[in-house]
Amino acid sequence: MSKQNIQSLRGMNDILGDNSELFTYFIDNASRIAKNYGFSYLETPILEETALFKRSVGESSDIVNKEMYQFIDKGENDVCLRPEGTAGVVRSFVQNKFDRAGGTYRWFYYGPMFRYERPQKGRLREFHQFGAEVFGVSSVYEDANIIMMLKDILDFFKIGFNLQLNSLGCPDCMPMYRDNLVKHLTSFKDELCEDCNRRIETNPIRVLDCKNENCQKLLYNAPKITNNLCERCDTDFEKLKKILDFNGIEYEIDTNLVRGLDYYSQTAFEFTSSEIGAQSAIAGGGRYDRLVEFLGGRPTPGIGFAIGIERLLELVKINESNEDIIYLGAMSDEALNTLTKVASSKRGTTKTLIEYTPRGFGKHFKLAEKQGATIVALVGENELKDGTIYTKNLKTSVESTIKLEDF
Ligand code: HAM
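Residues numbered from 1 in each chain as written. Predicted model: local features only at pLDDT ≥ 70, side-chain atom pairs only at ≥ 80, totals over all residues. Heavy atoms only, no water.

### Quick word on the domain arrangement of the protein chain
Size of an interface, as often reported, equals the accessible area lost when the parts are brought together.
At step 1: If you check the domain split of the protein chain, you get domain 1 (18-172 + 229-315), domain 2 (174-218) and domain 3 (325-403).
At step 2: A C-alpha centroid distance of 25 Å is found between domain 1 and domain 2.
At step 3: The partner domain 2 presents 12 residues to the 15 residues of domain 1 that form the contact.
At step 4: Both faces combined, the contact of domain 1 with domain 2 buries some 1000 Å², and carbon together with sulfur accounts for 43% of it.
At step 5: Three residues stand out in domain 1 for area buried against domain 2, namely Ser60, Asn256 and Val258, and they jointly supply 43% of the buried area on that side.
At step 6: Inspection of the region where domain 1 meets domain 2 yields 2 salt bridges.
At step 7: Measuring nitrogen to oxygen at the nearest pair gives 3.9 Å for the salt bridge that ties Asp62 to Arg199.
At step 8: Run the count over domain 1 and domain 2 and you get 4 residue pairs in polar contact (both at pLDDT 80 or more).
At step 9: Here the side of domain 1 that touches domain 2 is built from residues that sort into 4 nonpolar, 6 polar and 5 charged. (Domains from an automatic or database assignment. Contact = heavy atoms within 4.5 Å. Buried area = accessible area lost by both parts, 1.4 Å probe. Salt bridge = Lys/Arg side-chain N within 4 Å of Asp/Glu carboxyl O. Polar contact = N/O pair within 3.5 Å; in protein donor to acceptor, adjacent residues only side chain to side chain. Nonpolar A, V, L, I, M, F, W, Y, C, P; charged D, E, K, R; others polar.)

### Quick look at the site of the ligand
At step 1: Inspection of the region around the ligand gives 26 residues, with Glu84, Glu117, Glu133, Tyr264 and Ala281 positioned closest.
At step 2: Side-chain polar atom of Glu84 to a nitrogen atom of the ligand: 2.6 Å apart, as the coordinates give it.
At step 3: In the model, a nitrogen atom of the ligand is placed 2.7 Å from a nitrogen or oxygen of the Glu117 side chain.
At step 4: At the level of secondary structure, the elements contributing two or more residues to the shell around the ligand comprise β6 (126-135), β10 (281-287) and β11 (302-308).
At step 5: Per-element accounting of the shell around the ligand gives the leading share, 6 residues, to β10.
At step 6: For the shell around the ligand, the per-class residue count stands at 11 nonpolar, 8 polar and 7 charged. (Near = heavy atom within 4 Å. Helix = DSSP H or I, 4+ residues; strand = E, 2+ residues; numbered from the N terminus.)

### A few points about the pairing of β10
At step 1: Burial analysis of β10 places 6 of its 7 residues in the buried class, which makes it a mostly covered element.
At step 2: Looking at chain direction, strand β9 (residues 267-272) and β10 are connected through 5 bridges and run antiparallel. Bridge assignment links Glu270 to a residue of β10, and that residue is Gly284.
At step 3: Taken together, the 5 bridges between β10 and β11 define a ladder with antiparallel strand orientation. Residue Arg287 lies in a different strand from β11, and its bridge partner there is Ile303. (Buried < 20%, exposed > 50% of the residue type's maximum accessible area, 1.4 Å probe, protein only. Pairing = 2+ DSSP bridges.)

### Things to note about the packing of helix α6 (residues 140-156) against helix α10 (residues 231-246)
At step 1: It is the contact of α6 with α10, at a shortest axis distance of 9 Å, that shows an interaxial angle of 40 degrees. Taken together, the axis directions place α6 and α10 in an arrangement best described as oblique. The two elements α6 and α10 cross, and the hand of that crossing is right-handed. Together, Val140, Tyr141, Asp143, Ala144 and Ile147 of α6 and Asp236, Lys239, Leu240, Ile243 and Leu244 of α10 make up the contact between the two elements.
At step 2: A class-by-class count of the residues in the contact of α6 with α10 yields 7 nonpolar, no polar and 3 charged. (Axes fitted to C-alpha atoms, helices over the stretch in contact; angles between N-to-C directions. Parallel < 35°, antiparallel > 145°, perpendicular 65-115°, else oblique. Left-handed = near helix turned anticlockwise from the far one by under 90°.)

### As for the side chain of Ser265
At step 1: Of note, Ser265 is situated in the loop between β8 (252-253) and β9.
At step 2: Assessed through its relative accessible area of 10%, Ser265 is described here as buried.
At step 3: Ignoring anything within four residues of it in the chain, the contact list for Ser265 reads Leu168, Gly169, Arg287, Tyr288 and Asp289.

### Remarks on helix α13 (residues 333-346)
At step 1: Within α13, burial applies to Ala335, Leu336, Thr338, Leu339, Val342, Ala343 and Lys346. Relative to the axis of α13, the buried residues are bounded by an arc of 160 degrees and lie together on one face. Exposed and oriented more than 90 degrees from the buried face of α13 are Glu334, Asn337, Lys341, Ser344 and Ser345.
At step 2: On the buried face of α13, the contacting elements are β12 (325-330), β13 (351-354), β14 (375-379) and α15 (381-386). (Arc of directions from axis to C-beta.)

### Considerations on the nonpolar core
At step 1: Ranked by internal contacts, the top residues of the largest apolar core, which has 96 residues, are Phe26, Phe130 and Ile153.
At step 2: Not counting the four nearest positions on each side in its chain, Phe26 is found in contact with Phe130, Ile153, Phe157, Ile307, Ile309, Leu312 and Leu313.
At step 3: Counting residues in each nonpolar core, the second largest holds 14 residues, with Leu328, Leu336, Ile354 and Ile389 among its members. (Core = buried A, V, L, I, M, F, W, Y, C linked by side-chain atoms within 4.5 Å.)

### Observations regarding unusual backbone geometry
At step 1: The backbone of Lys158 sits at a positive phi, close to 55 degrees, despite the residue not being glycine.
At step 2: Assessed through its relative accessible area of 65%, Lys158 is described here as exposed.
At step 3: Not every positive phi belongs to a glycine, and Arg259 is a case in point at roughly 70 degrees.
At step 4: Secondary-structure assignment places Arg259 in the loop between β8 and β9.

### Section: the sheet that holds strand β4 (residues 78-81)
At step 1: Here we have 3 strands laid out as an open sheet, ordered β2-β4-β3, and antiparallel in their pairing. The sheet is open, and its two edges are formed by β2 (47-49) and β3 (69-72), each paired on a single side. On average, each strand axis in the sheet is tilted by 35 degrees relative to the strand beside it, whichever way the strands run.
At step 2: Here β2 pairs with β4 via 3 bridges, running antiparallel. Looking at β4, one finds that Glu48 is bridged to Cys80.

Structure, rendered in structure tokens:
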């Protein structure tokens, strides 16, 4: 048997050490903000039927075409590790008949997503998203609400960003625009890259966000979707811009922003950071008013976003916290019993660490400092006899020996 150590798969990382501190810090605070916006937590399975992603993300998208972790399970089912979260949430929405019940639903989720991409900085094969989805609201105020919630999350973590905004039209205006675009592209088809030539046949608007520099140059004079919107889409887009202006949210209109997933209509947006290298998108989202229907539900408007947690964590600094951390130590085996009791009375409100090895005074202080404690509480022989505990606040240097029940 080979004795070579087994490594994690390429593009798939453990979350541990400082990163796990940041990860849970992010999840805790992003969840709190989402709850303050009226969202509740939802979890869907990581494994779903492949057909779900084909029908929603779209057969012509790179995600479905090239990047799915797809396999046949032992029951001969064609299944897939989810490449993104929206499709599963919409499946759940329909399966649980919320579309029939009507009303408004706001859900948030987080967890691993899988895309078989070429790993590089900021691009993993297993990565984590924090996402939010809203069902049942067609008002453009909800588009603004979603963008503002995302901004509030980034502001909390003091992350600078650029916001790119576009409207992808609706079934009334998009087909005509698509035809115009194809006509335009066909005139210099041979000069476009191989991928774009394929996209002209399968999903022409994806040509607009081709990363090839030559294609981008050729697209300079291409018709712009924002000049081809129907009256309703145009009015909505203008209104959204006004709401964002009113709330002091800066944005750029990027008429080439089409997003890599096929389910969007009208509002599409991306938050990018210039500080994390080539993979600069930290979050993206948009409206998907037809997706519920595509997946067999009653027509219900939807909108949402997802944050790429790994990309974001590169930018997150844990805010200086004022919260105390108690370090409990004993000088003898007998005194250890007291510690577990004290700890359980404190842990409802305060992070409390116990050192289980009896040690001397100085050793305990060294360990407490190493673990970032702000309060050291020790039980020695005298304290055990008197039913007291010695405490020192490391921030103020105030020391005292007090009755255990007063601690
Ligand atoms: P997405 O733009 O494909 O949208 O992904 C959202 C974010 O996930 C990206 O902005 C990026 O930060 C992160 N991300 C994507 N791929 C990778 C990767 N290979 N490695 C690391 N991070 C990555 C969606 O997934 C949509 N479901 C968003 C949405 C929700 N739209 C409506 N509701």
